[in-house]
Amino acid sequence: MYSFKEIEEKWQQEWLKQGLFCAQAGSGKKKYYLLEMFPYPSGKIHMGHVRNYTIGDVAARFKIMQGYNVLHPMGFDAFGQPAENAAIKNKTKPDIWTHKCIELMRAELKKMGFSYDWKREISTCDAGYYKWNQWIFLKMFERGLAYRKAANVNWCPSCQTTLANEEVIEDSCWRCSAKVEQKDLEQWFLKITDYKEKLLEDLKTLKHWPERVLAMQSNWIGKSQGVQIYFRLKDRDTVIPVFTTRVDTIFGATYIVLAPEHPLVKEVSKGTPQEKQVLKFVAKVTKESRVVRSKKDVKKEGIFSGAYCINPANNEVLPIWIADYVLMEYGTGAIMAVPAHDQRDFLFAKEHKLAMRIVIQVPGTEYRVQSQMLEAYEGDGIQVNSGQFNSLPSQEAKIKIAQWMENTKIGKIETHWRLRDWLISRQRYWGTPIPIIYCAKCGTVTVPYEDLPVELPKDAPFTGEGGNPLNKVKEFVNVKCPKCKGSARRETDTMATFFDSSWYFLRFCSPKFDQAPFDKKETGYWMPVDQYIGGIEHAILHLLYSRFFTKFLRDERLLEFSAKNLGGPADLCGGDEPFLKLLTQGMVLKDGEVMSKSRGNIVDPDSIIKKHGADTLRLYILFAAPPEVEMEWSERGIEGAFRFLNRVWRLLESTEYGVQSTGPKKKDSEKLRKKIHKTIKEVTEDIDNFKFNTAIAAIMELVNEIYQDLNADIAEAVKVTVMLLSPFVPHLAEEMWQKLGNKESILKAPWPKHDEKFLQEKVITLVIQVNGKLRSKIEVPVDISEDKLKELILADERLKPWIQDKPIKNFIVVPQKLVNVVV
């Protein structure tokens, strides 16, 4: 068994000593910026970290050996609620706790042998970093992209802070899983909606992103073409605008629904017998999570408002309902309900015994609505019960009805978006202070650039009670107005941590630069990131925000990518997309479930490293499954990986295997040489395509071939095996490389290239059929003539019982595959 502990410590120190991973711009080599999503410093790395960062490390080492100038940095996404909670629990300060966790994580990451340029390390909780958060915020404020308004917001009662829509997962806080409530507060927002068109349109340029992520972002941005229809209150002039993408179903509307938050709810119900019940219902529903309210599989609640409106398409009188499944933030906060052609409306109408009318008919079918419809029909068909539009195909009717409504001024063709502005205010201490001051005389005033950073006070009290600790630090809150020098009050909300991570990849390009968030020359060389790796859970959080920031910074002329860094025409991203390629790795499971402390199924990476070594853990986690799918943890798999590495080590250790033999020179094996070049080709292509499990399988086959050919000269085969293994198991590879007599690190050796001449087969196996049935197989030279082939087949004793003396009617040859003899 090889001494993995000694070897791994040795090479980790050697890499650091030689500075092999310290990247410098402008080396003359082609640049390659590889980045994994940086971690929150929780104290110890988990198997999800190990998988993510090992995937990236393989790619980085591979590109280094291919001659690229590789930037592969690491840092810590260090602000956030968990640090505050830990500080309260452990009776310490968030900064002390966070930096302690960073030290632990850094040490564990180094134990894994990852090829990070640690000189570029950043931590978002350092004032030297969050100063530039504040600087960017001020730039956005100047552009009108940062603004404050009163809003109904998502509120986490556990974290005691607001959440952006994207941070509410399944009705729960993305951090602590507490049920989310609704609350009215003055909040800071970023106007991401100003970039909605570009964010959507530029998804088309991201040719190397997973389709699933592109679809998730497209759906979240949610561009909808439709018609805004004007429903007038019965006996009043008040108009209720309703936006719909299904104007072809307007004649099937049997009621309309207002969101409980709609400003007309009180007006329409005022003076009706239902008024008190409506107000009671609204008070109840507006406290509930909008995520739950919009779920399709949750029973919808509603109440009749007591009022009616007029359908402008046919002048029918429709009842107005208030229901929880309509949200104020989508569309106009009011919908026309067409239960025959919308499943949500169908279920609500069934529950409340409301009318239905079919207006789109599938040719050859007929429904008796109340008695026979089991679900809404939401597809295309022929218009019925639709006035002058009867008999038209529904898609054609959609266009004609929209034009008719616009011409008659009962509606207007419009585009609506699902995307809403990004709420960044958090009522917590451990985050970037928002650089705003409130003055009774001057109003809202920005902190001058020269006064940045606005630093967090060190003496904020942490008791877990009473909301934001910053409100209790008088020296922080009470300040002088920068304009009039009078008494003023500092903003105590801090920024959402996703602000920090929306541009960190730019800071890595010049982490010590002190004149701006980043050095434009350095980002011009390194950006965009060539390969980004992280979890699918960030598809509509971090990834969308990062795209927004990059486009904003380019518009501010702070960012300009070199055209040569954008790849060929298929890859061209216009110079304002941060990540050319994206890989979303799968999660690590144990016993069929995601590893978590609450489930008690955690496997500590450190325990595996102590028992089997980092290389064993790296090899196993890459071999167990393709990177983008979930993998199931297996102790047997770890043992198997460890046995394989020891088998590789023994090739070098024993002189009997020929590597160190001083005896007579052994003969070359043509079979082994072919296998070497075939493996080089397969492994190179597989690593390029992140098919690490099949690359490792190919190396294992080569090792098996070596053991089967020990009487031949295996020196080249062992050398190539070590080189191909080096991105996966770098410590073992470095040690073996040195023992093979090499003076420099294996990272300085060029990646091996295959020779096509060794991949050309000289002999092939042909399947022989007689009258279409398999009767034999024969080996023949690859360049055999048809006449010679025919002669060999007729002389084959195994075929004589099937051919006998019958005349040959046809002789069909599929080159290099089979021959069918027809008799």
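Residues numbered from 1 in each chain as written. Predicted model: local features only at pLDDT ≥ 70, side-chain atom pairs only at ≥ 80, totals over all residues. Heavy atoms only, no water.

Participant: For the side chain of R120, give the residues involved together with the corresponding values.
Facilitator: Inspection of the secondary structure puts R120 in the loop between α4 (94–111) and α5 (127–142). Judged by its relative accessible area of 9%, R120 is buried. At 2.8 Å, the side chain of R120 forms a polar contact with the backbone oxygen of F508. (Helix = DSSP H or I, 4+ residues; strand = E, 2+ residues; numbered from the N terminus. Buried < 20%, exposed > 50% of the residue type's maximum accessible area, 1.4 Å probe, protein only. Polar contact = N/O pair within 3.5 Å; in protein donor to acceptor, adjacent residues only side chain to side chain.)

Participant: An account of the pairing of strand β10 (residues 255–258) is needed here, citing residue identities and associated values.
Facilitator: Strand residues, when the strand is regular, have side chains that alternate between the two faces of the sheet. Here β10 shows no split at all, with Y255 and V257 on one side and I256 and L258 on the other all buried. Both β10 and strand β13 (residues 334–337) contribute to a ladder of 4 bridges, which runs antiparallel. Bridge pairing in β13 links I256 to M336. Both β10 and strand β12 (residues 317–323) contribute to a ladder of 3 bridges, which runs parallel. Following the sheet pairing, L258 is matched in β12 by I322. (Pairing = 2+ DSSP bridges.)

Participant: Report on the side chain of T124, specifying residues and quantitative values.
Facilitator: If you trace the backbone, T124 turns up in the loop between α4 and α5. A polar atom in the side chain of T124 sits 2.7 Å from the backbone nitrogen of A78.

Participant: Outline the sheet that holds strand β24 (residues 529–534), listing residues and values.
Facilitator: An order of β2-β1-β24-β25 is seen for the 4 strands of this open sheet, with the pairing classed as parallel. Of all strands in the sheet, those bounded by a partner on one side alone are β2 (69–71) and β25 (579–584). Direction aside, neighbouring strands of the sheet carry axes that sit 20° apart on average. Looking at chain direction, strand β1 (residues 31–36) and β2 are connected through 3 bridges and run parallel. Its bridge partner being in β2, K31 is matched across the sheet by N69. Against the sheet, helix α2 (residues 47–65) contacts β1, β2, β24 and β25, and its axis sits at roughly 170° relative to β1. (Axes fitted to C-alpha atoms, helices over the stretch in contact; angles between N-to-C directions. Contact = heavy atoms within 4.5 Å.)

Participant: Which residues make up the environment of A749, and what values go with them?
Facilitator: The residue A749 is located in the loop between α25 (730–739) and β29 (763–770) in this model. Beyond its immediate stretch of four places on either side in the chain, A749 contacts M65, M723 and W737.

Purely spatial values, then, with no claim about function.
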